[in-house]
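Tertiary structure, described
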Amino acid sequence: CDAARLHGLRLALEPINRYETSLVNSVDDGLELIQSVNADNFGLLLDTFHMNIEESSLMMSMQACGSRIFHFHVADSNRWYPGAGHLDFPAIIRTLADLGYPGFISGEFMPKPDALTAAQKCITHLRPIMDKVSQGGS
């Protein structure tokens, strides 16, 4: 973190679900590590797919992170594009907005049925939600 800070960089750690690693699996694990490191340029990259497995409430976990959310990945519960599973993306996007999250939201999902279709379906699903939230709707 000290070396990154010299160059104006931040580091983001992504909690990964228990089926893929035994290290940092949850937001609580990540926040505990952040507290131990005690560096203002160290935060979390949250991923809705992994959070769906590890967190009892995605929104409460996001709120616990607050300004320590440095990046955000979206994928639905089945790791397909948003809208292909059961995650509540209006509530997720609203929570990010309420937190004042200033960063990017990146799609990290399976390229099913193919990469272009998955990207188009992600945009088609999220754009109206983001427009509504940015206009003050929920």
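Preceding this section is the structure that the text describes.
Quick summary incoming for the structure in this document. Not measured: the values here are computed from a predicted model.

On to the sheet that holds strand β1 (residues 11-13). Pairing within the open sheet is parallel, and its four strands lie in the order β1-β2-β3-β4. Either end of the sheet is taken by a strand with one partner, and the two such strands are β1 and β4 (105-107). Here the strands of the sheet are splayed against their neighbours by 30 degrees on average, with no regard to which way each runs. Where strand β2 (residues 42-47) lies against strand β3 (residues 69-74), four bridges are found, and the strand directions are parallel. Within β3, the position partnered with L45 by the bridge is H71.

What follows concerns the environment of V24. Along the chain, V24 turns up in the loop between β1 and α2 (27-37). Under the relative-accessibility criterion, V24 is labelled buried at 16%. Note: C-alpha distance between V24 and N38 (14 residues apart in sequence) is 17 Å. Apart from the residues lying within four places of it in its own chain, the contact partners of V24 are L13, E14, P15, I16, D29, G30 and L33.

Relative to the helices and strands, I34 resides in helix α2. Linking I34 and R127, residues 93 residues apart in sequence, is a C-alpha distance of 32 Å.

Parameters and conventions
- Residues numbered from 1 in each chain as written.
- Predicted model: local features only at pLDDT ≥ 70, side-chain atom pairs only at ≥ 80, totals over all residues.
- Heavy atoms only, no water.
- Pairing = 2+ DSSP bridges.
- Helix = DSSP H or I, 4+ residues; strand = E, 2+ residues; numbered from the N terminus.
- Axes fitted to C-alpha atoms, helices over the stretch in contact; angles between N-to-C directions.
- Buried < 20%, exposed > 50% of the residue type's maximum accessible area, 1.4 Å probe, protein only.
- Contact = heavy atoms within 4.5 Å.

That is the geometry; function is a separate question.
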